[in-house]
Amino acid sequence: MAGLVAKKCITPLVVIRRLTYPEYAAQAAYHKKVVDHYENPRNVGSLDKTSKNVGTGLVGAPACGDVMKLQIEVDDQGKIVDARFKTFGCGSAIASSSLVTEWVKGKSIAEAMTIKNTDIAKELCLPPVKLHCSMLAEDAIKAALQDYRVKQQDIEIEAVKASN
């Protein structure tokens, strides 16, 4: 009978131990592309928002608290020559911002408008729960481009008024 009791007690025994940080990171971490952009963000900073060649997009996600500011500088030929960001949010939001600033540099305004959140999410291998970060980045690009367009329209209106 003692053997039967011992057998029942030993069988369900499971040893549970805490994971070391590297083990935890390997199981629950972001994709290496996200980690790279988070640890080494590209193009962090600000441009002169009063400049006629700078468009600023400021977007946020109330559900998670992420806030993203993305700025673009456009030359006289309509090509994006610089981009900067400041993001308050999770690693995926920071990585999405960083990636987008790299992607828009050298593109025309029309080309920058074609960047979609699905492209960002695919490049960074974002899980479904983090897709809103890539959507924020797409919205930030569009907001910055819209701000740039508004500034250019204001310049054209001023030029017409000055010529009259």
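Just so you know, these numbers come straight off a predicted model, no measurement behind them. (Residues numbered from 1 in each chain as written. Predicted model: local features only at pLDDT ≥ 70, side-chain atom pairs only at ≥ 80, totals over all residues. Heavy atoms only, no water.)

A word on unusual backbone geometry. Glycine aside, a negative phi is what most residues show, and trans is what most peptide bonds show. The backbone of N43 sits at a positive phi, close to 65°, despite the residue not being glycine. With respect to the helices, strands and loops of the structure, N43 is situated in the loop between helix 3 (32-39) and strand 1 (54-61). Not every positive phi belongs to a glycine, and C125 is a case in point at roughly 55°. The topology assignment puts C125 in the loop between helix 6 (117-124) and helix 7 (131-163). (Helix = DSSP H or I, 4+ residues; strand = E, 2+ residues; numbered from the N terminus.)

Taken together, the three strands give an open sheet; going across it, the order is 1-2-3, and neighbouring strands pair in antiparallel fashion. Strands with a single pairing partner mark the edges of an open sheet, and in this sheet they are strand 1 and strand 3 (80-88). Sheet twist, expressed as the average angle between the axes of neighbouring strands with direction ignored, equals 15°. Pairing analysis gives eight bridges linking strand 1 to strand 2 (residues 66-74), with the strands arranged antiparallel. Counterpart to T56 in the pairing with strand 2 is Q71. Relative to strand 3, helix 4 (residues 91-104) is tilted by about 175°, and along the sheet it contacts strand 2 and strand 3. (Pairing = 2+ DSSP bridges. Axes fitted to C-alpha atoms, helices over the stretch in contact; angles between N-to-C directions. Contact = heavy atoms within 4.5 Å.)

Moving on: helix 4. For helix 4, which comprises 14 residues, the first-to-last C-alpha distance of 20 Å matches the rise-based estimate of 20 Å (1.5 Å per residue) to within 8%. For helix 4, every residue scored as buried is listed here: G91, S92, A93, I94, A95, S96, S97, S98, L99, V100, T101 and V104. Looking at the packing, one finds that the buried side of helix 4 touches helix 3, strand 2, strand 3, helix 5 (109-113), helix 6 and helix 7. Positioned one or two residues after helix 4, G106 has a phi angle of 90°, which is positive. (Expected span 1.5 Å × (residues − 1). Buried < 20%, exposed > 50% of the residue type's maximum accessible area, 1.4 Å probe, protein only.)

Before going further, it helps to spend a moment on the packing of helix 3 against helix 4. Geometrically, a packed helix pair is captured by the angle between its two axes and the distance between the axes. Interaxial distance between helix 3 and helix 4 falls to 8 Å at its minimum, and their mutual angle equals 80°. Classified by the angle between their axes, helix 3 and helix 4 sit roughly perpendicular to one another. Contacts between helix 3 and helix 4 involve V34, H37 and Y38 from the former and G91, S92, I94, A95, S98, L99 and E102 from the latter. (Parallel < 35°, antiparallel > 145°, perpendicular 65-115°, else oblique.)

Here the protein shows a mean pLDDT of 85. Residues at 70 or above account for 82%. Looking over the protein, one finds the lowest element-wise mean pLDDT in helix 1 (residues 2-10), namely 47, and the highest in strand 3, namely 97. Every residue in residues 3-15 is under pLDDT 50, and counting partners more than four places away or in other chains gives zero contacts. (pLDDT = per-residue confidence, 0-100.)

Moving on, we get to the pairing of strand 2. Looking along a regular strand, one sees the side chains alternate between the two faces of the sheet. Connecting strand 1 to the next strand, strand 2, in antiparallel fashion are four residues, including G65 with a positive phi near 90°. Pairing geometry for strand 2 and strand 3, over eight bridges, is antiparallel. Looking at strand 3, one finds that L70 is bridged to F85. The hairpin formed by strand 2 and strand 3 contains five residues between the paired strands, and G78 there has a positive phi angle of roughly 85°.

For the rest of this paragraph, the subject is the pattern of salt bridges. A full pass over the atoms with the stated rule returns seven salt bridges. One salt bridge connects K33 with E123, and the closest N-O pair in it is separated by 3.5 Å. Of this pair, K33 sits in helix 3 while E123 is found in helix 6, placing the two residues 90 residues apart along the sequence. Where salt bridges share partners, they join D36, R42 and E102 into one cluster. (Salt bridge = Lys/Arg side-chain N within 4 Å of Asp/Glu carboxyl O.)

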